[in-house]
Amino acid sequence: MKPDSTETRRIIGDILALHAHEGPLGQDMLLPVLHAIQDRLGFIPPDAVEGLAQSFNLSRAEVHGVITFYHYYKTTPPARCTVQVCRAEACQSMGGDALLSHVSHALGCDLHAHTPDGSFALEPVYCLGQCATAPAIMINDAVHARVTPQRFDKLVAKLSTKAEEVA
Amino acid sequence: MSVRIHVPADSAALALGADDVASAIRSEAARRGIAIDLVRNGTRGLLYLEPLVEVETPDGRIGFGNVDESDVAALFDAGFHDGESTHRLALGLVEDIPYLARQTRLTFARCGITDPLSLADYEAHGGYRGLRQAVTMTGADIVAAVTASGLRGRGGAAFHTGIKWNTVLRAPGYQKYIVCNADEGDSGTFADRIVMESDPFVLIEGMTIAGLAVGATRGFIYVRSEYPHAIAALNHAIQTATRAGLLGANVAGSGRAFELEVRKGAGAYICGEETALLESIEGKRGVVRAKPPLPALAGLFGQPTVINNVLSLASVPVILDKGAQFYQDFGMGRSRGTLPVQLAGNIKNGGLIELAFGVTLREIMYDYGGGSASGRPIKAVQVGGPLGAYLPPSQWDTPLDYEAFAALWAVLGHGGIVVHDDSADMAKLARYAMEFCAVESCGKCTPCRIGSTRGVEVIDKIRAGTERPQQVILLRSLCDTMLNGSLCAMGGMTPYPVLSALNHFPQDFGQVAGDELAA
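Residues numbered from 1 in each chain as written. Chains lettered and ligands numbered in written order. Predicted model: local features only at pLDDT ≥ 70, side-chain atom pairs only at ≥ 80, totals over all residues.

S.K.: Hey, could you run me through the overall build of chain A in this one?
M.R.: Scanning chain A for helices and strands turns up 7 helices and 5 strands. Starting at the N terminus and walking to the C terminus, you meet the elements of chain A as α-α-α-α-β-α-α-β-β-β-β-α. A principal-axis box enclosing the C-alpha atoms of chain A has dimensions of 50 × 40 × 25 Å. Out of the 167 residues in chain A, the part that is buried amounts to 37%. A separation threshold of at least 6 residues defines the contact pool for chain A, and within that pool the share at least 24 residues apart is 57%. (Helix = DSSP H or I, 4+ residues; strand = E, 2+ residues; numbered from the N terminus. Buried ≥ 20, exposed ≤ 12 C-beta atoms within 10 Å, placed from the backbone. Contact = placed C-beta atoms within 7 Å.)

S.K.: Please clarify how the sheet that holds strand 4 (residues 60–64) of chain B should be interpreted in this entry.
M.R.: Backbone hydrogen bonds hold the strands of a sheet together, and the pairing may be parallel or antiparallel. Residue and element names in this part refer to chain B. What the 5 strands build is an open sheet, ordered 2-1-3-4-5; its pairing is mixed. Strands at the two margins of the open sheet, each flanked by one partner only, are strand 2 (36–39) and strand 5 (90–93). Pairs of neighbouring strands in the sheet enclose a mean axial angle of 25°, with direction left out of account. (Pairing = 2+ DSSP bridges. Axes fitted to C-alpha atoms, helices over the stretch in contact; angles between N-to-C directions.)

S.K.: Explain the domain arrangement of chain A to me, please; I cannot follow it from the model alone.
M.R.: Many descriptions give the size of an interface as the accessible area lost when the pieces come together. When cut into domains, chain A gives domain 1 (5–69) and domain 2 (81–166). Distance from the C-alpha centre of domain 1 of chain A to the C-alpha centre of domain 2 of chain A: 30 Å. (Domains from an automatic or database assignment.)

S.K.: I keep staring at the sheet that holds strand 15 (residues 390–391) of chain B and nothing clicks. Help me out?
M.R.: Residues and elements named next belong to chain B. With mixed pairing, 5 strands are arranged side by side in an open sheet as 13-12-16-14-15. Both edges of this open sheet fall to strand 13 (351–356) and strand 15, since each of them pairs with a single strand only. Across 4 bridges, strand 12 (residues 338–345) lies against strand 16 (residues 416–421) in parallel orientation. When the bridges of strand 16 are listed, Q342 appears paired with G416.

S.K.: Any chance you could explain the environment of B:L339 here in plain terms?
M.R.: Summarising the element assignment, B:L339 is placed in strand 12. Beyond its immediate stretch of four places on either side in the chain, B:L339 contacts B:L355, B:F357, B:L400 and B:G415.

S.K.: Any chance you could explain the interface of chain B and chain A here in plain terms?
M.R.: The interface of chain B with chain A comprises 47 residues on the first partner and 34 residues on the second. Listing elements by their share of the side of chain B that touches chain A, those giving two or more residues are helix 1 (11–14), strand 8 (259–264), helix 12 (274–281), strand 12, strand 16 and helix 18 (426–440) of chain B. Class assignment of the residues belonging to the side of chain B that touches chain A gives a composition of 22 nonpolar, 15 polar and 10 charged. (Nonpolar A, V, L, I, M, F, W, Y, C, P; charged D, E, K, R; others polar.)

S.K.: Hey, could you run me through the domain arrangement of chain B in this one?
M.R.: Residues and elements named next belong to chain B. Looking at chain B, the domain boundaries give domain 1 (3–101), domain 2 (119–327), domain 3 (335–421) and domain 4 (426–509). Averaged C-alpha coordinates put domain 3 and domain 4 at centres separated by 23 Å. Taken together, the contacts link 10 residues of domain 3 with 12 residues of domain 4. Considered class by class, the residues forming the side of domain 3 that touches domain 4 number 8 nonpolar, 2 polar and no charged.

S.K.: It is not clear to me how helix 12 of chain B should be interpreted in this structure. Could you clarify?
M.R.: Count 3.6 residues to each turn of an α-helix, and residues three or four apart come out pointing the same way. With 8 of 8 residues buried, helix 12 of chain B is to be regarded as a mostly interior element. The complete set of buried residues in helix 12 of chain B reads B:E274, B:T275, B:A276, B:L277, B:L278, B:E279, B:S280 and B:I281. In this fold, the buried residues of helix 12 of chain B make contact with helix 2 (30–41) of chain A together with strand 6 (177–182), strand 7 (218–223), strand 8 and strand 9 (305–309) of chain B. Backbone geometry just after helix 12 of chain B places B:G283 at a positive phi near 90°.

S.K.: Is there a simple way to think about unusual backbone geometry in this case?
M.R.: Trans peptide bonds make up most of the peptide bonds, and negative phi angles are found at most residues other than glycine. Cis geometry is adopted by the peptide bond preceding A:P135, which originates at A:A134 and carries an omega value of -5°. Within the secondary structure layout, A:P135 lies in the loop between strand 3 (120–125) and strand 4 (137–139). Each neighbour pair has its own omega, and for B:K291 with B:P292 the value is -5°, a cis peptide bond. Within the secondary structure, B:P292 sits in the loop between helix 12 and strand 9. A positive phi angle, close to 45°, is found at A:R146, a residue other than glycine. Note that A:R146 resides in the loop between strand 5 (142–144) and helix 7 (149–166). Accessibility expressed as a C-beta count within 10 Å gives 19 for A:R146, which makes it partly exposed. Although it is not a glycine, B:E467 adopts a positive phi angle of roughly 45°. Positionally, B:E467 belongs in the loop between helix 19 (446–464) and helix 20 (468–485).

S.K.: Sorry, what's going on with the pairing of strand 4 of chain B here?
M.R.: The side chains of a regular strand alternate between both faces of the sheet. Residues and elements named next belong to chain B. Among the 5 residues of strand 4, 4 are classified as buried, and the element is accordingly described as predominantly covered. Relative to strand 4, strand 3 (residues 53–57) runs antiparallel, the two sharing 5 bridges. Bridge pairing links T57 to G60 in strand 4. Linkage of strand 3 to strand 4, two consecutive antiparallel strands, is achieved through a turn of 2 residues. Direction of pairing for strand 4 relative to strand 5: antiparallel, over a ladder of 3 bridges. Within strand 5, the position partnered with G63 by the bridge is G92.

S.K.: So what exactly am I meant to see when it comes to the pairing of strand 16 of chain B here?
M.R.: Residues and elements named next belong to chain B. The buried count for strand 16 comes to 6 of 6 residues, which makes it a mostly enclosed element. Here strand 16 shows no split at all, with G416, V418 and H420 on one side and I417, V419 and D421 on the other all buried. Bridge analysis of strand 14 (residues 378–383) against strand 16 gives 5 bridges, and the strand direction is antiparallel. Across the sheet, the residue bridging to I378 is D421, located in strand 16.

Below you can see the structure in the form of C-alpha cells.
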C-alpha cells in the first residue's frame, strides 16, 4: 500500500514531532528521523526532502546528500520481498558466488533489480555477521545461515505459502 | 520441579532456526505434560554447533548440537530433559567440550551462560563489580589501572586504551563523550555482535567506567543497521540499567552522571572508521575527517571524545574487578590480555575462540577449527578483515601477536580469520578487495576513490592476460600510492590483501612463482 502524499506528510510530521521532544531538532537527529520514515513507509520519498531540510534548517542538497550516501536508505518503494545475499569474503569461501547465481536464476532477477511484478528485489550485502556459518542471506528482516541452493528454494516456497495464506 | 532448558536467541542461532526449535520444545513439552523452564540464553560462541540446546542437570549443562525442530520429539523420546545423553546429537557437558574448555574466557566469561537481558543474572555472574570498584576511585586512578593492564584497542589499530583515555581526561571541554564503535562491518568478525547480543551489560558497564574515568556524562553506541538483534538487546539493557540506577544522573550512587544512547548506522562500511563514524552520529555523510585534531581532543560535536571498539570497552570491567595485573598476566610481548579470535569462512568448526595472545594460526585452524569445511586443503587465510593480508601456509606458525604480524607485513587487527580452501582464486579475491574499496570509499581522498576503480581495471587486465607484466608493475605502483597517500585505512590498507595475494600466490595472477617477490 502506497500512502498518498497528504498521508505521507502527516506521517513525517508526526515522526519529526516525536524526535523534537527535547527542544529543536539538531542535525544529529537526521539519521534517526530517516530511519523512522523508512521503517514506516518502506522508503524515503524524494518529495520529503524539502520538508526535512526546513525542519532541520539544512539545505535540500545536504539532506539529499545524507540520504544518498548511505546504502541502507531507499528512495523508491521496496519490493514485497527483498533478498540480500552476502558478498563478503567468508561467504565467498563457502560458495557465495554459486549461491548468488542460483538465487538470481530462481527469482528471475539480477543484482540491484526488481522482478517485473515487483514481488522480489535482489541486493548485495556486505557481511551479516554470520561468517562462521556461511553463506548467509537476509530475506526481509530474517537472516539465514548455511544456505544451500536447496535450502534457499525451501525458504522461498515457505514464503510463497505464507503470502497465499494472507491473500 | 521443572527442568531448565536453554535455547540461544543469538542471531547466529536464529539464522539456523533456533526460534523454531524453541517453539517445538515448548509444544512437545506441553503435549507430554513435562514442566520446563525455557531460557533464551546467548551463544557460547561454538557457532559450528548452533543451535546448541543445553539442559541443566545437577552435574552441569548437557549440550545437544545442531538441533533442528524435526529432532525435538526424538530428543524427548531419548529423555534429554532428564539429563540422558544418549541421543546422537548429545555432546556431554558443554563446559567439557575441548573447543570451549581450552579457552580463556575473560571478556566473554558470561556469554551463553546467562540470560543476556537479565540484570540479576549478570550481577550473579560477576557483573557490575568493576563499576562498583570504579566509583570508589578517581578518574585518574581508573585511567592508570587501564593503562597498567596493557589493554590495546581491539578494533584493529591496537592503540593503547589507557593512553587514549588519559588524553581525554586531561583535555579541556564542557561536554566529553564516550563513543562505542559497534559498526562491525568486516567480513569474518562477529565478536562485537556476540557481546552486544549475548552480554550487553558488559559493554554498558565498560562504557560507564570509561565515562567516570574521563569525566564524560554522555555516551553513544553506534551499531550497524545489519545488526537489529544487537540494537534491540542494547536498548533493552540500557533501560534496565537506567531503572536500576546504574545509568542516569547518579550512577551507582556515585553522584556522577552517565547517559547512554544507541545510534543505528545505515549500511556504510566506512562508518567503522572513527572520524566517519563521528560525522555519521552528527547526522552528516560518513566522510572521513583529516587528523589532527585527534578525536580525543576534538571529537564528537568538536568535544573531547573517547572512541573505542566494543571489545576494548567490554574488557574494562574485568580489569577494574580483578585488577590490572590479573589482565596483564595474560599474553605475550606488548600484546597483553586475551584476544577473541573469530574463526570463519571455509572451516569445519567456526566460532569464537578467546585466548591469551601467543597461540599460532595453525593451532587455531587445525586444533580448534578442525581444518576446512570442504575437506580440501587450506590455501590461504585472511586475518584482520577485508583490509588484512592473506597469509600462505609458510606463515601459519606465526603467533597471534600485534608485532609478530606487523613484521610479516600483515595485520592481526581484531582477530578475525577467514579461511579459504584450494579452490580460491587469489586474483579474484584481490579484485574483490579493490571492488569493495570502490563501493565503500567515502570519496574524500583521490588515492582511495579513484585508485580502487583503477585497481579493479588493472587486475581485470592481469586476469585476462592483457599486457600482464606492465599491468603488474602498474598495480604495484597504484598500491604504493594508495598505501602512502590515502587519508584513512580504507584506501591505505586495501593494498594489504591485494599485494599479499600477488606476492604469495603469483601463479593465480599468471606469474611464475617467485617472480616479482623482491619488489
